[in-house]
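Summary of structural features
Spelled out, the chains give:
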Amino acid sequence: MHPAVRRLERFLTRNIDGTLFGIVLALVALGLVVLVSASNLSAARVMGQVTNLLIALTVLWLFANIPPHYLMRLAPPLYVFGLLLLVAVALFGDVIQGARRWLDLGITRVQPSEFMKIAVPLAMAWYFDRHEKTLRLANYAVALVMLVVPVALIARQPDLGTAVLITASGFFVLFLAGLSWRVMAGVAIAGAAALPFVWSALRDYQRQRILTLLDPSQDPLGAGYHTIQSMIAVGSGGWFGKGWLNGSQTHLDFIPERTTDFVFAVFAEEFGLLGCLVLFGLYLAVISRGMLITANAPTMFTRLLAGAITLTFFTYTFVNMGMVSGILPVVGVPLPFISYGGTALASMCLGFGILMSINSHKKLVQT
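**Topic: the confidence of the model for the protein chain**
- Overall, the prediction assigns the protein chain a mean pLDDT of 86, with 91% of residues at 70 or greater.
- Here helix H10 (residues 204-214) stands out as the least confident element of the protein chain, with mean pLDDT 67; helix H13 (residues 263-295) is the most confident, with 95.

Laid out in structure tokens, this is it:
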């Protein structure tokens, strides 16, 4: 191999975890195969996703080469900046399909809630690292406020799916930081007691989603349509599936949002239980690698951040598959690396880039 080529290879692969990156590439390839069928052989759709992937993988590489101590310095200003963006959305955001989630910057529109998926656990991990030696219940209360404020702003937009994911990532940070089981049980009991108030605060369509989960057949052509059709597709795949490009539910247009939130229904119909087990295995391998990186992280900051990123990835996967299978309400969460889309893919790769940085930079300079 030519020395210049060898230097370029070393430059491109430095700080990249080969195991994790290989699994991600396998998921990406599988996602493109499914997208070809789900989009009815739409070259524009597939090339759009290829472009999204190139951007996302560039983001992954960039963050894999940023040492964690730089991220720790950036955590407070990024969190404050994200909060300001969320307030700006509430005051000046564009309303699209009844939701105020986007901020028009003139040259483009941004969705600040996606940014907060990383900013919130990053800031909470920074806060706990700063108070590692003197952790008290009051510190957990402050961290909880750091979580609740952005979640409340996002839920108000409304964007229930993103609010659920950020809540999960914040909970994982609290859990990994050593919050007492007794306190968590007390919070769970208080949450259960508050359910009637939460129900009254929900919007009509959000209540309908929960009622539809309990009985999709009560409105088979309306609110229950997505759930019923996706469940039919998943069940009709059988053991080995109907074959690539041969899904009847898919190609007769029964499955809604089949390239995005409901792409798992397409996958299950065409590749069956055997294909689903392969997909589960790839996701399990990602989570296992992430938890190994978490266990070997040298500081509280990197341990909490790596754990939150890995377990949030698990939440993405579980919520999407549960939603498509009819065991969870429809909340608009994409299937990682399989669903079409750029913003969620970039934020996911950003998180994995941070994981790789934590793994390759074993020494964290305290600031």
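Alright, that's what it looks like, and here's the rest.
**Some remarks on a nonpolar patch on the surface**
- A surface patch of nonpolar side chains, amounting to about 700 Å² of accessible area, comprises Trp 239, Phe 240, Leu 273, Leu 274, Leu 277 and Phe 280.
- By relative accessible area, which is 64% here, Trp 239 ends up exposed.

**Observations regarding the pattern of salt bridges**
- One pass over the structure, following the stated rule, counts four salt bridges.
- Notably, a salt bridge pairs Glu 114 with Lys 117, separated by 3.0 Å at the nearest N-O pair. Placement of both Glu 114 and Lys 117 in helix H5 (residues 112-130) is noted, with a separation of three residues, approximately one turn of the helix. The same class applies to Glu 114 as to Lys 117, namely buried.
- Arg 258 is the salt-bridge partner of Asp 253, the closest N and O atoms lying 3.0 Å from each other.
- The class for Asp 253 is partly exposed, based on a relative accessible area of 49%.

**Side note on the nonpolar core**
- Counting 88 residues, the largest nonpolar core has Met 116, Phe 128, Leu 279, Phe 337 and Phe 352 as its most contacted members.
- When residues no more than four places from it in sequence are discounted, the contact partners of Met 116 are Tyr 79, Gly 82, Leu 83, Leu 86, Pro 121, Pro 150, Ile 154 and Ile 166.

**Concerning the environment of Phe 11**
- Along the chain, the position of Phe 11 falls in helix H1 (residues 3-13).
- You can call Phe 11 partly exposed: its relative accessible area is 38%.

**Things to note about helix H15 (residues 343-360)**
- The terminal C-alpha atoms of H15 lie 26 Å apart, and with 18 residues this matches the ideal 26 Å at 1.5 Å per residue to within 8%.
- Buried residues dominate H15, accounting for 15 of its 18 residues.

**Quick look at the packing of helix H14 (residues 300-325) against H15**
- Close contact between H14 and H15 brings their axes to 10 Å; oriented N to C, the two are set at 145 degrees. The element H14 and its partner H15 pack so that their crossing is left-handed. Across the interface between the two elements, Thr 302, Leu 305, Ala 306, Ile 309, Thr 310, Phe 313 and Tyr 316 of H14 pack against Ser 347, Met 348, Gly 351, Phe 352, Ile 354, Leu 355 and Ile 358 of H15.
- Within the contact of H14 with H15, the residues separate by chemical class into 10 nonpolar, four polar and no charged.

**Comments concerning the packing of aromatic side chains**
- For the coordinates displayed, the defined rule picks out 12 aromatic pairs.
- Plain terms: the ring middles of Phe 314 and Phe 318 are 6.0 Å apart, the flat faces sit at 20 degrees to each other, and that makes the pair stacked. Placement of the pair is Phe 314 and Phe 318 together in helix H14, with a separation of four residues, close to one helical turn.
- You can call Phe 314 partly exposed: its relative accessible area is 39%.

**Some remarks on unusual backbone geometry**
- Although it is not a glycine, Leu 245 sits at a positive phi angle of roughly 75 degrees.
- Since its relative accessible area comes to 31%, Leu 245 is described here as partly exposed.
- Despite not being glycine, Phe 337 shows a phi value in the positive range, around 70 degrees.
- Note that Phe 337 resides in the loop between H14 and H15.
- The buried category is assigned to Phe 337, whose relative accessible area is 5%.

**Observations concerning the environment of Leu 78**
- Note that Leu 78 resides in helix H4 (residues 68-92).
- Residues Leu 78 and Ala 119, spaced 41 residues apart in sequence, show a C-alpha to C-alpha distance of 6.1 Å.
- Excluding residues that lie within four positions of it along the chain, Leu 78 makes contacts with Phe 115, Ala 119 and Leu 122.

**Thoughts on helix H6 (residues 137-155)**
- Given a rise of 1.5 Å per residue, 19 residues ought to cover 27 Å, and the 26 Å separating the end C-alpha atoms of H6 matches this to within 8%.
- Regarding H6, the residues found buried are Asn 139, Tyr 140, Ala 143, Met 146, Leu 147, Pro 150, Val 151 and Ile 154. One side of H6 carries all its buried residues, which in axial view fall inside an arc of 120 degrees. Among the exposed residues of H6, those oriented more than 90 degrees off its buried face are Leu 137 and Ala 138.
- Turning to H6, the residues buried within the fold contact H4, H5 and helix H7 (160-176).

Rules used in this analysis
- Residues numbered from 1 in each chain as written.
- Predicted model: local features only at pLDDT ≥ 70, side-chain atom pairs only at ≥ 80, totals over all residues.
- Heavy atoms only, no water.
- pLDDT = per-residue confidence, 0-100.
- Helix = DSSP H or I, 4+ residues; strand = E, 2+ residues; numbered from the N terminus.
- Patch = residues over 30% accessible without salt bridge, like charges linked within 9 Å, V, L, I, M, F, W, Y side chains within 5 Å.
- Areas by Shrake-Rupley, 256 points an atom, 1.4 Å probe, with all protein chains shown as cover.
- Salt bridge = Lys/Arg side-chain N within 4 Å of Asp/Glu carboxyl O.
- Buried < 20%, exposed > 50% of the residue type's maximum accessible area, 1.4 Å probe, protein only.
- Core = buried A, V, L, I, M, F, W, Y, C linked by side-chain atoms within 4.5 Å.
- Contact = heavy atoms within 4.5 Å.
- Expected span 1.5 Å × (residues − 1).
- Axes fitted to C-alpha atoms, helices over the stretch in contact; angles between N-to-C directions.
- Left-handed = near helix turned anticlockwise from the far one by under 90°.
- Nonpolar A, V, L, I, M, F, W, Y, C, P; charged D, E, K, R; others polar.
- Phe/Tyr/Trp six-rings, centres within 6.5 Å; stacked < 30°, edge-to-face > 60°.
- Arc of directions from axis to C-beta.

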